[in-house]
Structures are given as structure tokens and as C-alpha cells.
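# Observations on the three-dimensional arrangement
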Amino acid sequence: MTAAFLSTFAKSRRAIGIRQVRLACGLVLFAYLTSHFLNHALGNISLDALAAGVNYHANFWQFLPVTIVFYGAATIHTALGIWALYERHDMRWRSFEPMQLVLGLSVPLLVAFHIIGIRVAQTLFGSEKLYPQALYVYWVARIDLLWVMYIAMLVSWIHGCMGLYFWLRLKSFFRSTAPILLAIAVLLPALAMLGVYQAGRTVAQLSASPQWQARELVPPHVETAAQTVVLNQILFLFIAGYLALIGLMFVGRGIRRLRERRGGLIALTYGDGKTVRVPIGLSVLEASIRNNIPHAAVCGGRARCSTCRIRIVGDATALPEPSKREAFVLERVGSGDDPAIRLACQLYPTSDISFVQMFQPQVSAAALRTASPTRIGQERYLVSMFVDMRGSTKLAERLLPFDTVYVVNQFLDVVSEAVIASGGQPNQLYGDGQLALFGLQSDPRTACRQALKAAARIAANVDDLNQFLAHEGREPIRFGIGIHAGEVIIGDIGNRDHMVFTALGDSVNVAARLQDMTKVLACETIVSDEVRQRAALPDDALPVEDVSIRGRVEPIRIRVVVKSAMLAKLVDRAVMPA
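Residues numbered from 1 in each chain as written. Predicted model: local features only at pLDDT ≥ 70, side-chain atom pairs only at ≥ 80, totals over all residues. Heavy atoms only, no water.

## Side note on the sheet that holds strand S4 (residues 341–343)
- In space, the 5 strands of this open sheet follow the order S2-S1-S5-S3-S4, with mixed pairing throughout. Only two strands of the sheet have a single partner each, and these edge strands are strand S2 (275–279) and S4. Taking each pair of neighbouring strands and ignoring which way they run, the sheet shows an average axis angle of 40 degrees.
- Alignment of strand S3 (residues 309–313) against S4, held across 3 bridges, turns out to be antiparallel. Considered in S4, the bridge of Ile 310 is made with Arg 342.
- With respect to the sheet, helix H12 (residues 324–332) is in contact with S3 and S4, its orientation differing from that of S4 by roughly 125 degrees. (Pairing = 2+ DSSP bridges. Helix = DSSP H or I, 4+ residues; strand = E, 2+ residues; numbered from the N terminus. Axes fitted to C-alpha atoms, helices over the stretch in contact; angles between N-to-C directions. Contact = heavy atoms within 4.5 Å.)

## Section: the environment of Pro 189
- Positionally, Pro 189 belongs in helix H8 (residues 174–206).
- Sequence separation of Pro 189 and Tyr 150 is 39 residues, and the distance between their C-alpha atoms is 9.8 Å.

## Let's talk about the pattern of salt bridges
- Under the criterion given, the structure shown has 14 salt bridges.
- For Asp 338, the salt bridge identified is with Arg 311, shortest N-O distance 3.3 Å. Highlighted residues: Asp 338 in the loop between H12 and S4 and Arg 311 in strand S3, separated in sequence by 27 residues.
- Overlapping salt bridges, with partners in common, bring together Asp 529, Arg 532, Asp 539 and Arg 559 in one network. (Salt bridge = Lys/Arg side-chain N within 4 Å of Asp/Glu carboxyl O.)

## What to know about the layout of surface pockets
- Within this model, the second largest pocket holds a volume of roughly 540 Å³.
- Along its surface, the second largest pocket is lined by 21 residues, and Cys 161, Tyr 165, Leu 181, Leu 182 and Ala 185 are the ones closest to its centre.
- Within the residue set of the lining of the second largest pocket, elements represented by two or more residues are helix H7 (144–168) and H8.
- Among the elements that take part in the lining of the second largest pocket, H8 stands out by supplying 10 residues, more than any other.
- Residue composition of the lining of the second largest pocket, grouped by class: 21 nonpolar, no polar and no charged. (1 Å grid on protein atoms, 1.4 Å probe; cavity = no way out; pocket = protein on both sides within 12 Å on 5 of 7 lines; lining within 4 Å. Points joined across faces, edges and corners; volume = space filled by probe spheres on them. Nonpolar A, V, L, I, M, F, W, Y, C, P; charged D, E, K, R; others polar.)

## Overview of unusual backbone geometry
- In the segment running from Pro 219 into Pro 220, the intervening peptide bond is cis, with an omega of 10 degrees.
- The residue Pro 220 is located in the loop between helix H9 (210–216) and helix H10 (225–262) in this model.
- Despite not being glycine, Ala 522 has its phi angle at roughly 50 degrees, a positive value.
- In this fold, Ala 522 is placed in the loop between helix H18 (506–521) and strand S11 (525–528).
- You will see that Ala 536, though not glycine, has its phi angle at about 65 degrees, which is positive.
- Along the polypeptide, Ala 536 turns up in the loop between helix H19 (529–534) and strand S12 (544–547).
- Residue class for Ala 536 comes out buried when judged on its relative accessible area of 17%. (Buried < 20%, exposed > 50% of the residue type's maximum accessible area, 1.4 Å probe, protein only.)

Below is the structure:
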């Protein structure tokens, strides 16, 4: 058990790269922004509600461990954003990339006055600035800064929403939750800015009172003149330092480019014989983009898919070692042991290489950016079901060809009817068998339950078909079903003349192997324990076995179903966890 845990932990570590760290830090910052906007929205009720809400907000985010996480996330997210710009060799942008970059880099400049005036002042001088003092600055003392604050709110929110979109758009639940997320993305900043407006008007009216000024605009609520001078110096140094850091990044890019030119060029030879010469330091994918050579890369070169895979022709031992992230992706697709298989987006060759693209691009780079992710490739959690008709070879020996085709078609018809009625989608036909997918329009738990019910419906439909065929004196049709669930890649697969929407991945392969195994175990259906757990079936509901699957190192736990019809009752009786 310890060895299995260590193995899982090692795989998880390999899955974490710079992008994953930047995403995690961004989520922390977006959580803070959401909390702050919710607090601002209380200004639509009253200034007192705003003051009450800030206590909860401050108590959480100023709790020392949370504060360390927050400022650590802000520092790391900003630094990694600048580093990502430095690392990028090709400056050809997708439609949203320039906007996301400019918005992200401008956030520290826009919020510098606010952070230094409140948080730094509190740390250095013990100031107790709350909403009345902050709103007085924006609405009375420095009304020009009011627009800076509103711009900062919009820029920060749009940048965060763009990051969330690029992360969530490939998730299975995104399509169903997108309208709700869009409503929140529009309403929350609108309510927050309106709340600031309403509270600001109230403070502007109150500030005309000498009594209010005597109570709210004296230390420790505001700084002395000397303290204000210190804060302005800190603000100037921060802005100058930040701009200098960005400038140094661009200087570093220029120095790197000069070194690349002086370091000479290397030749990349593609499978069609075309050769391009590029500076050392570019990835194979960047070289393809720079030279307008179509290259499949569904995830945009983020090492989240393997569609940019290439096979090196010749000696691959001189290539740089794969990064942890590249090794993780290659291992997931079963290519971890082949040194000739590499990800084009992660391979930075230092000498001439020849290679063949393993996935030929079916669309141009421009079309790829505007096409639907579901059609060009998307990572989803799906349930794969393989159904196979038994004895079709012997059937063909006894019947006329047209009769054989008729029986097989009848079988596939009743299987498809059961799949559709249960909420699944018939996908691919394999002779007398079929691949069906569940979860394209539902969550994983529902998809697993739908697949189990589909297996029961198939059994019932085949029984009805057998009764019909019995009148013609034919032997009953038997079948085998394999069901497994996991992450797969779905999209249009094929060549330019024939494209088919289907699923690829280890989960699909395992489902096919389980279907084959029903012959050995003399049962109708084999269900992986992953599906059983997701469907909330009791642990003792079905016999359990640990079996080895060809192509997998670790054994897989399965559940044996002698008669598929029993699955319907098991699913109906299962208590769904809250």
C-alpha cells in the first residue's frame, strides 16, 4: 500500500509544472477578489452593512497563515507571468492572449496606490483605514483616483475571468454551468462598483460635517504628513522597480535572441521532407509556428495534451531529457518508455533532428483557434462501454450472407436503442460490436449509473430479440459488455476525407479489454470498480476480482456481473451520497 501511495505521489508531482503553480496562485487571488467584490456590493444596502462586512473579510484574509498564502500567491503569480513572457520565443498571439497579458501586467500598477495606502500603512504606522477613509480619498480628496480604482476593479476581474475560462472550458461540467458562471461574471463586478458608488456618495455627503471629519479624518484613521511622504516614496519605488523588472525581462529577451543567433542554426526536417533552420532555444512547436508549418496542438502548447507528439527518426539519445511535465503526459498515453516519442511543445533540440508528426493537423492554425474544442479535441471524464456479439463467426457459417448481416444489424439496433434510452451515445461500430459513450451531457456519477442501466436494457432487448429469432429456429444471441470510466480525449479523428467523432485514451482501451475478459470469466458484463464506486453501488453488491490488463503495469479491480439484467435493480436501490 505504501509503494502504491508513493507511486501515485510521484505521478502527481510530475503532473505539476509552472503553469499549474501559476493557476493555483491565480485561484487564490481570484478568491480574494471575489470576497472583496462581495463586500463592496454591501454598499448598495448601507454604509453600516459595508462596515460590518469588512470585518469578516479582514478577519479571514488578515489571519497570518492566510495572509502568507495570499501575498505569496500574488508574488509568485506575478513573477511567473513575467517569466512566461520571457520564455516565449514566438510572439504570434491568439486572439485573447495580448489582452490577457496586458491586463495581467497592469494590475500591480493599478492597485499599488490602494495596497500601499492601506495595507502598508497599517503595517508600518498602525493605521486603521476602513471604508469611510478610503472612500473619502476617492470621492473627495483625490477624485481623479476614483477612475483608477474602477479600472483596477474591471481589469483585475476580466483578467481573472479569462484565466478561469481557459482552465474550465475543457472540463466536462463547463457547458452546463457556463450560463451561471457568465451571469456571476457580469453581475458581481457590476454590483460591487455600484456598491462603491452608493457608499461613496454617502461618505461625500457626510464629509461636509465638521464632526464627521473630526471623528474619521484624524490619526490613526489617516496618516500624518510625514507618514504620507514615506508612503509616496514607497509607491514611487514600487512602480519604478516593477517597470524596471519588466524592462529587464525585455532586455533579457533581446540578449537571448542575440545569443541564439550567434549560437548558430539547427535544421529540423519534417516527415514530408521539408527542412527549416531555426535558432537553438526554440521548441519544435515554436519552430513550426514561426515557419507557418501546420502542427497539431489542441491545448496550444501547454503540455495538457499529446496531440503535438512527434517520433524522432534516427538516434534520439542526444536529445535533452524530458521535463517532469512532458514525462507525465507521455506516460499517460503509454509512450513513456519510448525515447523516440516526444512532445513538440516541450522538446528544445540543440542539434539537427528529423521527425514525423504523429497527429497530422486537419485544420489551419487560424481555424484551430476558432473551432469548437469538442470537435478538435477535448479532455473529458467519460464512461466507455464496449458491447460485442458472441458467435457471429459461427453464425456466418450457418446462414446466408444477407441473413447474417440482418441478424447482426438487429443486434446493433437493440444495443443502440438501449444506450440512447439510458442517456448514452452510440459511437463506433467494430464489426459486430459497438463502443458507446456516457457523460457527454451529464456528470460522471450520472454517467456511470446510465451505463449500468444501459447494460441491463441491452440484456432485456437481446432477450426480446432472441424470442423473435426463436420462431425462425435460430440459436439465442449471446453478448459481452465491458464498462470503464476515466479521462479520455474526444474529438474528430481521421483524415481529411473521413472524420469521425470518437474517444481515445486508456479508459477506452480498458473497457475493450474487460469486454474480452467476459469470455474467460463466463459472464455477460464486467464493470471496473471505478464505475461501481461512482455509481454508488454497495461494495458487496457484486463479486470482486483483481485482474491484469494487457498494456497496464498495475492490476485493476473489477466487478463480475453474470446476468446484466440485475444491474437495473442494483442501481435503483443504490443510495446516492449527498
